[in-house]
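Understanding the architecture of this molecule
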Amino acid sequence: MYAAIYCRKSVNTLQGESIQSQLEHCRACLRMHRSAEDARQARVYRDEGFSGAGLKRPAMQQLLRDIRGGCISCVVCYRLDRISRNVSDFTALMEEFSRYHVSFLCAAESFDTRQPMGRAMLYMASVFAQLERETIGERVRDNMYTLAADGRWLGGKPPFGYGLRRTSPPYARTALVADAETFPLVQQLFAAVLRRGELADAEQLGAVLSETAGCTVNRRFLRRLFTNPVYAAADAAAGEALSRQGYEVLFPMQAHCDRGIMVYGRHPNRPRAENLISAAAGTHPAVCSGRDWSALLGLLRRSLPQNRQPVGILNGILQCHLCGGPMECKRRSGREGQFDYICRTKNRSHGCCCGNLVGALADDAVWTHLAKQSGISPVQPYPFALQRSLAALLIQQASWDGETLHMLLRR
């Protein structure tokens, strides 16, 4: 049995306690409380870029699997908030450690868990770790409200048609301004659609603008352009449309406004419950009114169907063997009909190192195996819906570890 060192860092920066620094402190703790041999042979579990709010982290899940497999006798971390910032999760972890007779050490904080007072202090420390996480979240939300009140640009590449302007100190801030070259092109695209209520004119105009705008104006570009709230005026009609989409509207519901909308806090990799999605009035000029923008959204739903991701036989069944997350289908860029199964954690936050699985090869191999198990011909062309139904019926569990596809069939 081995000792386990668990290290975690929420963001990939050089500030704060780095993974290497945590590792050195944990090895020193093992040498002090266990032995130099345990410190040298300890298994290291690293989660970099993951919050301590939950336990769905690749290295944490692997650690729990090793504990249940009887491979780990001791777990050491740098501080309690590295292992969890949630009281209920921390309690569940301690119960899991106790169930499998795994001892727990903390390099920066010393607790004697053999005594009732030591166990009580351990849980009190986890309460303050959760309090710190929630306090940080409140400060972020308060700061976001302040930025929204000034209509500031938070960073990144500005939307097409706009540029950036930074005011001078001491009250320096960055705001969007209309770009002299590309802003008229955006106005032409919106006017072309709103004039006739169809996208044909915008697509024809886009083919001409592709040469002068310096970017490819295709259907994907038009969808991103027309659905971006930054081009809509911060009036009552736009506020109602954004409220229906789940935004917190921070600007007044007035009948007319010339300023565009700024969106704050939208993060596609985190659940909405932990992230503020708000819309405020910016300082940049709007391209169209909120009523026209709402009408344009309805036109897009009828004219430009969503780019649907391909669906494979194992879609909704296959899981990542490394982090336990689902494997989702992702279309290969520029290759019609070809797709890969990719770990959702890797795809959305780059927090998993599991390799992709070629979708077509995997589906062919799985269908051949399932057909043989069912006594039907694998070469006979069956409808795709039937193949998916048979896979959902026969496959109890399927996982991919980057090299091998593991399947457990129902009896």
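Residues numbered from 1 in each chain as written. Predicted model: local features only at pLDDT ≥ 70, side-chain atom pairs only at ≥ 80, totals over all residues. Heavy atoms only, no water.

1. What to know about the overall build of the protein
A tally of regular secondary structure across the protein gives 14 helices and 15 strands. Within the protein, contacts between residues separated by at least 24 positions form 59% of all contacts whose residues are at least 6 apart in sequence. For the protein, the accessible area works out to roughly 22,800 Å², and carbon and sulfur atoms hold 51% of it. (Helix = DSSP H or I, 4+ residues; strand = E, 2+ residues; numbered from the N terminus. Contact = heavy atoms within 4.5 Å. Areas by Shrake-Rupley, 256 points an atom, 1.4 Å probe, with all protein chains shown as cover.)

2. Let's talk about the sheet that holds strand β12 (residues 339–343)
Within a sheet, neighbouring strands are paired by backbone hydrogen bonds and run either parallel or antiparallel to one another. On the basis of which strands lie adjacent, the open sheet formed by 3 strands has the order β11-β12-β13 and antiparallel pairing. Strands with a single pairing partner mark the edges of an open sheet, and in this sheet they are β11 (327–331) and β13 (357–358). When β12 meets β13, the two strands line up antiparallel, connected through 2 bridges. Paired with Asp340 across the bridge in β13 is Val358. Against the sheet, helix α13 (residues 359–374) contacts β12 and β13, and its axis sits at roughly 90° relative to β12. (Pairing = 2+ DSSP bridges. Axes fitted to C-alpha atoms, helices over the stretch in contact; angles between N-to-C directions.)

3. Quick look at the sheet that holds strand β14 (residues 395–400)
Taken together, 3 strands build an open sheet; the order of strands is β10-β14-β15 and the sheet is mixed. Where the open sheet ends on each side, the last strands, each with one partner, are β10 (318–320) and β15 (405–409). Each strand axis lies, on average, 25° off the axis of its neighbour in the sheet, ignoring direction. Contacting β14 and β15, α13 runs over the sheet at an angle of about 25° to β15. Most of the contacts of helix α14 (residues 384–394) go to β14, to which it runs at about 95°, and overall it touches β14 and β15.

4. Concerning the nonpolar core
Core analysis: the biggest nonpolar cluster contains 39 residues, and Phe190, Leu225, Phe226, Tyr231, Leu242, Phe251 and Ile261 have the highest contact counts within it. Counting only elements with at least two residues in this core, the list comes to α7 (183–196), α9 (219–227), α10 (236–244), β8 (259–264), β9 (278–285) and α11 (290–303). At 6 residues, α7 tops the list of elements feeding residues into this core. Look past the residues within four positions of Phe190 in its chain and what remains in contact with it is Leu225, Phe226, Tyr231, Val287, Cys288 and Leu296. Leu318, Cys323, Met327 and Leu357 belong to the second-largest nonpolar core, a separate cluster that totals 24 residues. (Core = buried A, V, L, I, M, F, W, Y, C linked by side-chain atoms within 4.5 Å. Buried < 20%, exposed > 50% of the residue type's maximum accessible area, 1.4 Å probe, protein only.)

5. Considerations on the packing of helix α3 (residues 58–68) against helix α5 (residues 87–99)
Relative to each other, α3 and α5 sit at 25°, their axes nearing to 10 Å. Judged on the interaxial angle alone, α5 and α3 are roughly parallel. Note on packing geometry: the crossing formed by α3 with α5 is left-handed. Here α3 contributes Met60, Leu64, Ile67 and Arg68 to the contact with α5, which in turn contributes Leu93, Glu96 and Phe97. Class assignment of the residues belonging to the contact of α3 with α5 gives a composition of 5 nonpolar, no polar and 2 charged. (Parallel < 35°, antiparallel > 145°, perpendicular 65-115°, else oblique. Left-handed = near helix turned anticlockwise from the far one by under 90°. Nonpolar A, V, L, I, M, F, W, Y, C, P; charged D, E, K, R; others polar.)

6. A look at α5
The end-to-end C-alpha distance of α5, which contains 13 residues, comes to 18 Å, matching closely the 18 Å that a straight helix rising 1.5 Å per residue would cover. Taken together, the buried positions of α5 are Asp89, Phe90, Leu93, Met94, Glu96 and Phe97. For α5, the arc enclosing every buried residue in end-on projection is 160°, short of the 170-degree limit, so these residues lie on one face. (Expected span 1.5 Å × (residues − 1). Arc of directions from axis to C-beta.)

7. With respect to the environment of Cys106
Structurally, Cys106 is set in strand β4 (residues 103–106). We classify Cys106 as buried; its relative accessible area is 10%. The spacing of Cys106 and Cys26 is 80 residues in sequence and 7.7 Å in space, taken between C-alpha atoms. Setting aside its immediate chain neighbours within four residues, Cys106 contacts Cys29, Cys77, Tyr78, Arg79 and Leu80.

8. Comments concerning the packing of aromatic side chains
What the rule picks out here adds up to 6 aromatic pairs. Through a chain of ring-to-ring contacts, the aromatic side chains of Tyr162, Phe183, Phe190, Phe226 and Tyr231 assemble into a single cluster. (Phe/Tyr/Trp six-rings, centres within 6.5 Å; stacked < 30°, edge-to-face > 60°.)

9. Structural notes on the pairing of β14
The pairing of β10 with β14 spans 3 bridges and is classified as parallel. The residue bridging Cys320 from the neighbouring strand is Trp400, located in β14. As paired elements, β14 and β15 share 5 bridges and run antiparallel to each other. Note that in β15 the partner of Ser399 across the bridge is His406. Two successive antiparallel strands, β14 and β15, enclose a turn made up of 4 residues, where Gly402 displays a positive phi of approximately 100°.

10. Focus on a nonpolar patch on the surface
On the surface, Met121, Met124, Phe128 and Leu131 cluster together into a nonpolar patch covering about 400 Å² of accessible area. Mapped onto the elements of the fold, Phe128 is located in helix α6 (residues 116–150). (Patch = residues over 30% accessible without salt bridge, like charges linked within 9 Å, V, L, I, M, F, W, Y side chains within 5 Å. Salt bridge = Lys/Arg side-chain N within 4 Å of Asp/Glu carboxyl O.)

11. Things to note about the confidence of the model for the protein
When pLDDT is averaged across the protein, the result is 79; 78% of the residues are at 70 or more. Least confident of the elements in the protein is helix α8 (residues 200–213), whose mean pLDDT is 63; most confident is strand β3 (residues 72–77), at 91. Below pLDDT 50 for its whole length, residues 267–274 participates in 7 contacts with residues either more than four positions away or in separate chains. (pLDDT = per-residue confidence, 0-100.)

12. Let's talk about the state of the cysteines
Within this structure, the stated rule accounts for 0 disulfides. Cysteine Cys26 remains unbridged, with the sulfur of Cys7 as its closest cysteine sulfur at 5.0 Å. Assessed through its relative accessible area of 0%, Cys26 is described here as buried. (Disulfide = S-S within 2.5 Å.)

13. Focus: the pattern of salt bridges
Here the idea is simple: oppositely charged side chains can pair when their charged atoms come close. On inspection of all chains with the given rule, the structure shows 8 salt bridges. Arg43 is paired through a salt bridge with Asp66; the nearest N and O atoms lie 3.7 Å apart. You can see Arg43 sitting in strand β2 (residues 43–48) and its partner Asp66 sitting in helix α3, a full 23 residues away along the chain. Arg43 sits in the partly exposed class, given a relative accessible area of 31%. Glu96 is the salt-bridge partner of Arg99, the closest N and O atoms lying 2.6 Å from each other. A residue pair is termed a helical-turn pair when its members lie 3 or 4 positions apart in one helix, as Arg99 and Glu96 do in helix α5 at 3 residues. Salt bridges sharing partners connect three or more residues here, namely Arg68, Glu96 and Arg99.

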